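# Fold and geometry: a report
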Amino acid sequence: MIEKNYQPADIESRMSRIWEESGAFKAGRPERKDAAPFTIVIPPPNVTGSLHMGHALNNTLQDILCRFERMRGRDVLWQPGTDHAGIATQMVVERQLMERQEHRRDLGRVKFLERVWQWKAESGGTIVNQLKRLGASCDWSRERFTMDEGLSRAVVKVFVQLHREGLIYKDKRLVNWDPKLVTAISDLEVQQVEVKGSLWYLRYPIEGKTFSPDDPSTFVVVATTRPETMLGDTAVAIHPDNERIGHLIGQHVILPLVGRRIPIIGDDYADPEKGSGAVKITPAHDFNDFEVGKRHGLPQINVFDREGSMALVDNEDYLRGLPEGADQLAEELHNVERFAARKQIVARLEDFGFLEKIEPNTHMVPHGDRSGVVIEPYLTDQWYVDAKTMAQPAIAAVRSGATTFVPRNWEKTYFEWMENIQPWCISRQLWWGHQIPAWYGPDGKVFVAETEEEAVGNALGYYVEQEVITEEQGREMAQDPARREGFITRDEDVLDTWFSSGLWPFSTLGWPEETPEVKRYYPTNVLVTGWDIIFFWVARMMMMGLHFMNDAPFSTVYIHRLVRDEKGAKMSKSKGNVIDPLGVIDDFGADALRFALARGAAHSHDIKLSPQLVETNRNFATKLWNACRFAEMNGCEQPAGFDPTAAKETLNRWIAHETSRATREVTEAIEFYRFNDAANAIYRFVWNVYCDWYVELAKPVLMGEEGAAKAETRAMIAWARDEILKLLHPFMPFITEELWAVTAKRDGLLVLAEWPRKASSVSAEQIAAMALAGPGDPLIAPVIAALDAGDFSDPAAEAEIGWVVDLVTAIRSLRSEMNIPPATLIPLVLSGASAETKERAQRWNDIVKRLARLADISFADRPPEGAVQLLVRGEVVALPLKGVIDLAAEKARLDKEIVKADADIKRVDAKLGNEKFVANAPEEIVEEEKEKREAAVARKAKILEALERLKNAS
């Protein structure tokens, strides 16, 4: 028996337990051994993470697909797992150590890693439990971790093979360097922060001229936001076409304070229209300057240490070529923190006349997303992947259609990134992560191998051959690790987290072993992810999958949009607009949150979310709950062998028709990744068609005498309810599973029940083609025809009941816009009605009068004078309103509403026409104004329609 009140918390905990105990989510079920597989790999959340709204959206969409395909009979594997999250996890444990006045270097690497594993065992499962609360139907028995033994073996094999193939190498290049965490970080871990800084204009003396601050011919002016890096300048660049100062190209300047002689070079990077037209070039501390330096063969002088302090003493690159006595500055600034050094350097420049002026300058400055400090472009030795070579097959796979993006416009982003790809820095100066399988000999020669034994063997063999050690020494070192200590050492760095997660689609299935899972579930079917990691994750999986598996890891990449607040602003802690999904689940239930996210998940725009919107969807769940209780209280059950298409009553044939149409709409929309269309289709069907119309129109039958019509109606109410529970299950799994268990009165879980049947069958190729096709594309027609084939349809029943629905809806809308009180009964005149319409009106007379609040229904050849006319399914219906409402007063009221709507439109147009407002206002504010205008225009159109009807009535 269904409980009186819908209590999501009770239901969700109970259903989660039932699903887990039954093994409902497990892949490879015996009864599905011959079924087609359907595979999704979860984007592994950080082991340190807690569920945020992006997770909630991403995993809701994946779960919709998995539950949908599971109900369609597929052997579904939704592969779960977590990412070891190198920097994030190490920071968590280091903070714990700091609270005890401990440091990881005091513990040593081995002891520190033991602490990390201990933390992972105690706290690392938080995000997994939160995903289960959301209803994620992963095969949790197969949960993986990017640092577990099997995945670690895959990582080592991939590194070693790519190194042997020349696709992994070590190089000295610029990286994003975090001086607080003392490691290189990826672009994704860098946040651009707007900073109110300064622009310093510096005078660089021209060689051969006596410098005078008052004589512009004796110096070149360069502008910089980072004067502390000038000590590493190795050139000044001027655009070759700069008519004003281009004649200086080929000459030299003397670097202020330092005395280094550096060339003036010609390069397109210098913008002749910006500043003085000359720019300082610091190849070791600026990404653009690094490229300029490579083009011109400039020296690279690193003036900072790993912690971001000046490192000038014993810096051979810095001291090389300096005049005698110039090392005094190096001693004075050595070990001075970079921003403190900035102040000292600027003061010295001013003292010697080298500072022309300082201007305020608001600009974007890169910061570490975890450390919060300014990121330093830093020249250092790191390990790299030859991403350009590996990207070529990945580009070809998308161009050929082997992998498609939905929506397709994201392919352009993918190609732009892949075709301009740079070497991928894969080393990190951390302890937590996959330690790089590289060992160094005493001369720095590197030995890469899958095991230490193999590396040591290779190294000792090499040094015996080179006669660095004797054969006897080699044997002793091989047998006794203590003897080779200090002779052969392992690289301390670990791999970038994205390296291991790039192997996720096949390493989680047991590769490099040839497991049954690899054969059955690779390649996967679809990847669901956000646009921000197309390059960081999607591209890396494509490169690795094609290289090691000779097949793209997924056939479809579905890119979803962002979840924003109700005004369209990006959620952030600083704005205080973050919506906690767990708090929302506590308040309204997981089903309500899932349904709200799915209904907003359009291809074309971000999701605007608020607690109130989630509450609206909780109200929808309550509506469904109450409808099922109504059916139960009225004895509505589906007898064995019931065939809805054999129903005799028009109303029941109509709901069978509408259910078939809803099934098609929902199925098609999910197949084409139109999650919002699917969710809104089932929402409309449940609320508007089933609850508001079918159940309402069936009430007189249910309250009438027993008989065939009543029995059929009870059975049909139960049948349609069960179809609703199936269609809604992928979106709202908890409430549907609960109601199925209580009402179906049959064995088996809804999660494993059969999806509502359609006689048609559409191939995956047709679905993919249609998902990518545009309006009017010839690819669409045959797919639509296949979808239409075999669907149950009863046009006569639809015409009959559809007329009732449309008539009542039109009258209700008119009553609302004309402000007719609910208690006021009004007459209805069917003008020039056909015989068929007259018969319908007589059959449904009592119900139409009750639902539309009518005094009576009559027929006439033409509309009576003073009647408001409506068009319902091609026929005129008239509502005589003279004497019911004051038509003149109503016209005056609507005229005022028109004036108000016009004023709203004018006000918004003024704002949007202001270029300064559009340029400076936050994006979400501009969008909000556009939406206000659209609403005002729509409101005005409705008012004009009402006025036109009043005009015809008067």
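These notes cover the structure that comes with them. Since this is a predicted model, take the numbers as computed values, not measurements. (Residues numbered from 1 in each chain as written. Predicted model: local features only at pLDDT ≥ 70, side-chain atom pairs only at ≥ 80, totals over all residues. Heavy atoms only, no water.)

## Some thoughts on the sheet that holds strand E13 (residues 355–368)
With respect to topology, three strands assemble into an open sheet ordered E8-E7-E13, the strand pairing being antiparallel. Two strands close off the open sheet at either side, each with one partner strand: strand E8 (219–224) and E13. Strand-to-strand, the axes of this sheet are offset by a mean angle of 20°, without reference to chain direction. Of the pairings in the sheet, the one linking strand E7 (residues 190–205) to E8 comprises six bridges and is antiparallel in character. Looking across to E8, one finds that Trp 200 is bridged to Thr 224. (Pairing = 2+ DSSP bridges. Helix = DSSP H or I, 4+ residues; strand = E, 2+ residues; numbered from the N terminus. Axes fitted to C-alpha atoms, helices over the stretch in contact; angles between N-to-C directions.)

## Re the pairing of strand E9 (residues 235–238)
Two faces belong to every sheet, and in a regular strand the side chains alternate between them. Of the two faces of E9, both are covered, the one formed by Ala 235 and Ala 237 as well as the one formed by Val 236 and Ile 238. Pairing geometry for E9 and strand E12 (residues 278–281), over four bridges, is antiparallel. What sits directly across from Ile 238, in E12, is Ala 278. By the bridge criterion, three bridges tie E9 to strand E11 (residues 261–266) in an arrangement that is parallel. Each bridged residue has a counterpart across the sheet, and for Ile 238 the counterpart in E11 is Gly 266. (Buried < 20%, exposed > 50% of the residue type's maximum accessible area, 1.4 Å probe, protein only.)

## So, helix H22 (residues 590–600)
Taken across its 11 residues, H22 has 10 buried, putting it largely inside the fold. Those residues of H22 that fall on the buried side of the exposure criterion are Ala 590, Asp 591, Ala 592, Leu 593, Arg 594, Phe 595, Ala 596, Leu 597, Ala 598 and Gly 600.

## Considerations on the sheet that holds E11
With respect to topology, four strands assemble into an open sheet ordered E10-E11-E9-E12, the strand pairing being mixed. Each edge of the open sheet is held by one strand with a lone partner, namely strand E10 (252–254) and E12. Adjacent strand axes in the sheet meet at a mean angle of 30°, parallel and antiparallel pairs treated alike.

## Remarks on the pattern of salt bridges
Here the idea is simple: oppositely charged side chains can pair when their charged atoms come close. For the structure on display, the rule yields 64 salt bridges. When the shortest N-O distance is used, the salt bridge between Glu 69 and Arg 72 registers 3.3 Å. Given the relative accessible area of 8%, Glu 69 is considered buried. Judged by its relative accessible area of 34%, Arg 72 falls in the partly exposed class. One salt bridge connects Arg 939 with Asp 904, and the closest N-O pair in it is separated by 2.8 Å. Here the residue Arg 939 occupies a position in helix H35 (residues 923–953), and Asp 904 occupies one in helix H33 (residues 887–912), the gap between them amounting to 35 residues. Given a relative accessible area of 31%, Arg 939 falls into the partly exposed group. When salt bridges that share partners are traced, they join Arg 226, Glu 228, Arg 338, Arg 342 and Glu 376 into one network. (Salt bridge = Lys/Arg side-chain N within 4 Å of Asp/Glu carboxyl O.)

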